[in-house]
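# Commentary on secondary and tertiary structure
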Amino acid sequence: RPRLAQVSAAPPLVVSSARSLGAPAVEAMPDATPEASVDADAGAAVGAVTTPIFKLFAPELAADAEPSAGPRVGELLGVPTPGFTVLTARGFPLHLRPEAMNAVLEAPHINQLPVGDLLIRTDSVAQCPKSSEGCRGFWPHLQGHLSYGSFRNPRDKASVHGGDAVCSVETKGGRRKVGPKELLELQKVMRLDLVAAPAEEVPLDTSGHRRMTRAVTRAGEWLKDILEAKAKDKDLSSFDWHVLAGIQGCGDVSLRVKACQAASAMPVSGFWIGGLGYTEDLHSRARVLEAVCSALPLRLPRFLPLNSGSPVEVLQAVLFGVDMLEVTFPTEAAAAGTALIFSWEMPEAEAQDAAAEAEALAPLLSPAPAAPAADGAAAAPPSAPAAPPAAMRSVRQLRMRAPECREDFGPITPQSPVRQYSRAYLYHLHEVHELLGTMLLVHHNLYVYREFFAAIRRHTSQGSLRRFAAWFMRTQTCEPEAVVEAVAAASAKRPRKA
């Protein structure tokens, strides 16, 4: 397969932000934190430091701001960040032919292959004529793109389960135990570009401190085993691949920070932040994201799996410094017969009002920075549960089976890549349960997400992301509607198909 472009080994400039997630700053990257909860020689014991795969671009040069969680723009092995992965089922894109997927996303992207899907295909890949090329020999459409073996499958509400010795993951044939040994054997066959180290998922609603501590300890031990094998096993060191460390700790911020320090001391290529994206509210998630992103090295990418990944959740994650999101919202919305029609083009004349901006972003940020007492406003603090959760706020969207679409012969939107098909035609396709209707909506929704992330990167580079996020929350979101329930129901009840 053609080699992927490697990022220069020279230390890149990195972008950091003040606590307000505002002004970016450029700083030299310090070495691994010596106070990590592992031995000082742990990094050397598991192999040499990996070649950098990620670089950050510095749009503005603010002099002295302390490193903290904040938005940034970069590039991960040729893929622009912030971005989102393309989730697959048994190696294929959801609802679309690979050719159509490549056409709508255009640039190289990251194909996400959950470990649970790969386990049941290991023998088939090993026996195929081009087995030396790994997963690309079995699935040719993966050529020219990055392949990412994720430990968690965002399509399943609970895809990782704890156990006495190792974790179990959901597969089409039931649960399968997966530890470092099983993951390494899988990687020898699949030859993935990026591999998420195994970790026990502990959602934020878990109250057992013993389980939280066990998840952090196990993640560190399993990571060390994988890195040692990667450095010593000839079958694993004969090709380029990179390990992402799992960051666990549930809602215990101090435990999360210790996990970040321990993982940062290892020669890893990035991190995936576990335990989030389930049923927690956005304020609880914000508190964890702020602590984790502030403790992780700026030079390495951060992945965040989310069971939904709505635009509201995406904006929150990007504001705190997440680089790559694992989302299902565009495809699940399409499966529920919903087209995304929100805008990503903020008017140039959008007013800059600090008070209005803070009010619009309050649902996305943690309570501490979101409620400054200096303003003297008597508004309810973020902890007040009166308003619906921001994560459940709907973006502007259109139900194709709505009566108003029945005789509407206009396109979904003027910019839609499937604008040659009218709303009335799409209404008919969904009325007769024709698969083409879902395929066309997936094509449209992925295009919308592609442009949405491009707008996020553009505004981050220009230093106007907070203003863009505030404008989006004010103008492109609304109160929860029945369509949101339909999306959730489709995710929970719809039979999984390859």
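Every value quoted in this text rests on a predicted model; they were computed, and no experiment measured them.

Helix and strand content of the chain: 18 helices and 22 strands. Counting across all 498 residues of the chain, residues that qualify as buried make up 55%. Excluding contacts between residues fewer than 6 apart, the proportion of contacts in the chain whose partners are at least 24 apart in sequence is 75%. Total accessible area on the chain stands at roughly 20800 Å², and carbon and sulfur atoms take up 52% of it.

Following the sequence through the fold, Phe-468 ends up in helix H17 (residues 465–475). Judged by relative accessible area, which is 0%, Phe-468 ranks as buried. For the pair formed by Phe-468 and Pro-347, sequence separation is 121 residues and the distance between their alpha carbons is 9.5 Å. Setting aside chain neighbours within four positions, we find Phe-468 in contact with Leu-315, Trp-344, Met-346, Phe-452, Ala-455, Ile-456 and His-459.

For the rest of this paragraph, the subject is the pattern of salt bridges. This model, assessed by the stated rule, comprises 17 salt bridges. In this structure, Arg-175 engages Glu-170 in a salt bridge whose closest nitrogen and oxygen atoms are separated by 3.1 Å. Classification of Arg-175 as exposed rests on a relative accessible area of 53%. A cluster of three or more residues bridged by salt bridges with shared partners is formed by Glu-200, Arg-211, Arg-214 and Arg-218.

The 10 strands are arranged S6-S18-S17-S16-S15-S14-S10-S9-S7-S8 in an open sheet whose pairing can be described as mixed. Each end of this open sheet is capped by a strand with a single partner; those strands are strand S6 (83–84) and strand S8 (92–93). Bridge count between strand S10 (residues 146–150) and strand S14 (residues 194–196): 2 bridges; the pairing is parallel. Each residue of the ladder has a partner; that of Tyr-148, found in S14, is Leu-194. The sheet strands contacting helix H10 (residues 282–295) are strand S15 (242–247), strand S16 (270–273) and strand S17 (302–305), and the helix crosses S16 at an angle near 170°.

Attention shifts here to the packing of helix H11 (residues 311–320) against helix H16 (residues 435–462). Geometry of a packed helix pair, given as the angle between the helix axes and the separation of the axes. Interaxial distance between H11 and H16 falls to 12 Å at its minimum, and their mutual angle equals 30°. The angle between H11 and H16 falls in the class roughly parallel. As for the relative orientation of H11 and H16, their crossing is right-handed in sense. Note on element contacts: H16 touches H11 through Tyr-449, Phe-452, Phe-453 and Ile-456, opposite Pro-311, Val-314, Leu-315 and Val-318. Its residues placed into classes, the contact of H11 with H16 shows 8 nonpolar, no polar and no charged.

Let us now look at the packing of aromatic side chains. The description of two aromatic rings rests on the distance between their centres and on the angle between their planes. This structure, assessed with the given rule, holds 18 aromatic pairs. Both rings, one in Phe-342 and one in Phe-452, keep their centres 5.4 Å apart while their planes meet at 80°; by these two values the pair is edge-to-face. Of this pair, Phe-342 sits in the loop between strand S19 (338–340) and helix H13 (354–361) while Phe-452 sits in helix H16; the two residues are 110 residues apart in sequence, bridging distant segments of the chain. Under the relative-accessibility criterion, Phe-342 is labelled buried at 2%. Assessed through its relative accessible area of 0%, Phe-452 is described here as buried.

The first and last C-alpha atoms of H10 sit 20 Å apart over 14 residues, in line with the 20 Å expected at 1.5 Å per residue. Among the 14 residues that make up H10, 10 are buried, leaving the element largely enclosed by the rest of the structure. The N-cap of H10, judged by a side-chain oxygen 3.1 Å from the amide nitrogen of His-283 a few residues on, is Asp-281.

By size, the foremost hydrophobic cluster in this structure holds 132 residues, and its most contacted members are Leu-325, Phe-452 and Phe-468. In terms of residue count, the dominant contributor to this core is H16 (11 residues).

Pairing is antiparallel in the open sheet, where 3 strands are placed in the order S3-S4-S5. The open sheet terminates on both sides in strands that have one partner only, identified here as strand S3 (54–57) and strand S5 (79–81). Going from strand to strand, the sheet's axes swing by 25° on average, the running direction of each strand aside. In this sheet, S5 lies alongside strand S4 (residues 73–76) in antiparallel orientation, the contact comprising 3 bridges.

Rules of the game
Residues numbered from 1 in each chain as written. Predicted model: local features only at pLDDT ≥ 70, side-chain atom pairs only at ≥ 80, totals over all residues. Heavy atoms only, no water. Helix = DSSP H or I, 4+ residues; strand = E, 2+ residues; numbered from the N terminus. Buried < 20%, exposed > 50% of the residue type's maximum accessible area, 1.4 Å probe, protein only. Contact = heavy atoms within 4.5 Å. Areas by Shrake-Rupley, 256 points an atom, 1.4 Å probe, with all protein chains shown as cover. Salt bridge = Lys/Arg side-chain N within 4 Å of Asp/Glu carboxyl O. Pairing = 2+ DSSP bridges. Axes fitted to C-alpha atoms, helices over the stretch in contact; angles between N-to-C directions. Parallel < 35°, antiparallel > 145°, perpendicular 65-115°, else oblique. Left-handed = near helix turned anticlockwise from the far one by under 90°. Nonpolar A, V, L, I, M, F, W, Y, C, P; charged D, E, K, R; others polar. Phe/Tyr/Trp six-rings, centres within 6.5 Å; stacked < 30°, edge-to-face > 60°. Expected span 1.5 Å × (residues − 1). Polar contact = N/O pair within 3.5 Å; in protein donor to acceptor, adjacent residues only side chain to side chain. Core = buried A, V, L, I, M, F, W, Y, C linked by side-chain atoms within 4.5 Å.

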